[in-house]
Amino acid sequence: THFVFASEPLPLAEVAVPASAEAAAPEVSIVIPVYNEAENLPELIRRVGEALAPTGRRFELILVDDGSRDASAALLREEAARRPWLVPVVLARNYGQSSALQAGFDRVRGRYVVTLDGDLQNDPLDIPAMLDRLDADDSVDMISGWRRNRQDAEISRKLPSRIANALISRATGVHLHDYGCALKAYRREIIDRIRLYGELHRFIPSLAKDAGARIAEVPVRHHARTRGVSKYGIDRTFRVILDLVLIVFFMRYRQRPLYAFGGLGLWLLTPGLGMLGHLGVLKLLGQDIGGRPLLMTGMLLSLIGVQLIVAGLVGEMLTRIYHEAGGRPQAHVRMDGAARRA
Ligand code: UDP
Ligand code: MG
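Residues numbered from 1 in each chain as written. Chains lettered and ligands numbered in written order. Predicted model: local features only at pLDDT ≥ 70, side-chain atom pairs only at ≥ 80, totals over all residues. Heavy atoms only, no water.

A. The arrangement of empty space enclosed by the protein in detail. Inspection of every chain in the model, using the stated rule, returns 1 cavity of 30 Å³ or more. When its volume is computed, the largest cavity comes out at roughly 30 Å³. Considering the residues around the largest cavity, the lining is formed by D141, E189, I190, R193, G212, A213, R334 and M335. Along the lines of polarity and charge, the residues of the lining of the largest cavity split into 3 nonpolar, 1 polar and 4 charged. (1 Å grid on protein atoms, 1.4 Å probe; cavity = no way out; pocket = protein on both sides within 12 Å on 5 of 7 lines; lining within 4 Å. Points joined across faces, edges and corners; volume = space filled by probe spheres on them. Nonpolar A, V, L, I, M, F, W, Y, C, P; charged D, E, K, R; others polar.)

B. Examining the environment of W146 more closely. Within the secondary structure, W146 is located in strand β6 (residues 142-147). Distance in space between the C-alpha atoms of W146 and A182 is 9.4 Å, their sequence separation being 36 residues. In contact with W146, other than residues within four places in its own chain, are H177, D178, C181, E217, V218, P219 and V220. (Helix = DSSP H or I, 4+ residues; strand = E, 2+ residues; numbered from the N terminus. Contact = heavy atoms within 4.5 Å.)

C. Structural view of the packing of aromatic side chains. Inspection of every chain in the model, using the stated rule, returns 4 aromatic pairs. Each ring, one from F59 and one from W85, has its centre 4.9 Å from the other, and the planes form 45 degrees; the classification is tilted. Residue F59 is located in strand β3 (residues 59-65), and its partner W85 is located in the loop between α3 (72-82) and β4 (86-91); the two are separated by 26 residues in the primary sequence. Measuring from ring centre to ring centre gives 5.8 Å for F249 and F261, while their planes differ by 70 degrees; the resulting arrangement is edge-to-face. You can see F249 sitting in helix α9 (residues 236-253) and its partner F261 sitting in helix α10 (residues 257-284), a full 12 residues away along the chain. Take F261: its relative accessible area is 29%, and that puts it in the partly exposed class. Following the ring pairs from residue to residue traces out a cluster consisting of F249, Y253 and F261. Here the guanidinium or amino end of R148 rests over the ring plane of W146, the centre of that ring lying 4.5 Å away. Cation over ring: R254 sits above F250, and NZ or CZ is 5.3 Å from the ring centre. (Phe/Tyr/Trp six-rings, centres within 6.5 Å; stacked < 30°, edge-to-face > 60°. Buried < 20%, exposed > 50% of the residue type's maximum accessible area, 1.4 Å probe, protein only. Lys NZ or Arg CZ within 6 Å of the ring centre and 35° of its normal.)

Next up, the structure:
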């Protein structure tokens, strides 16, 4: 059910936007969620600064502290005092990576948005080329990193992720080598059209394509985590599979839920009614129908069929309420060349 309704805006413990940053809107907004990454933060901030400064682009780095229990939040505030381009967003508790990203997206001001992980596994030096590509190539709205040389454990990380890649690309029709790479660059309008919650950050390319984005994939560097620990274990595999089923179902049937439920319902209801009709005729002819398995089967199929069709109708109503109450556009205007600059 959490795929139908967008999450509420997150309550924030504290949001500090430096006064100097308010004056001139940045061109690039970099969003990084961090959870217990105090050991990585100083170097992360330094390396993002060093990667972006030579490009001459005005940028902001929105660092979202996702309820860290280490010194991350204090460190963020400290670093932000010295850097006008650093925007610390400190969440009230640990909401998870998707919600932390969305909290950052809610605050972006640039026309380009870049995401990466806070553990220095992604290399900020890859960002300038991605931005140049967005500048130069009007036929691409989003660039997804491809960790060709991924530096993670083979069995516990790379294998499950290969399986997930294959499943997700088959199921959603978005074919990428590497869904899981956090390093991505987007045109702002794509970010504005999607909302992340639950574990949806794993499906961003599918959501973006659904929102009309044309996606390119470029190889990026990848480093082993040298400090801090991964926040995820093998237990996420199951949740990812469940999310995949839900997201595919939602994308396919959100306009007409009756097609999913009602179709199956009809397939069950028709033979069910047939069996009952057959038995009804026999009964009328004075035959004994007691204890016949057909009777049970016919009743079961008819009941389940009716239930499913009703479920589909309820779904249709919910869908309508969702679209009417949300007030969001059903189709987005493609922002090309002149339209984008206007
Ligand atoms: N993260 C977060 N909230 C969480 C878990 C993780 O903001 O609840 C951040 C984490 O600090 C890192 C990124 O999400 O910047 C990816 O997490 P991690 O590196 O642990 O995942 P992995 O690379 O092992 O998949
Ligand atoms: Mg990592």
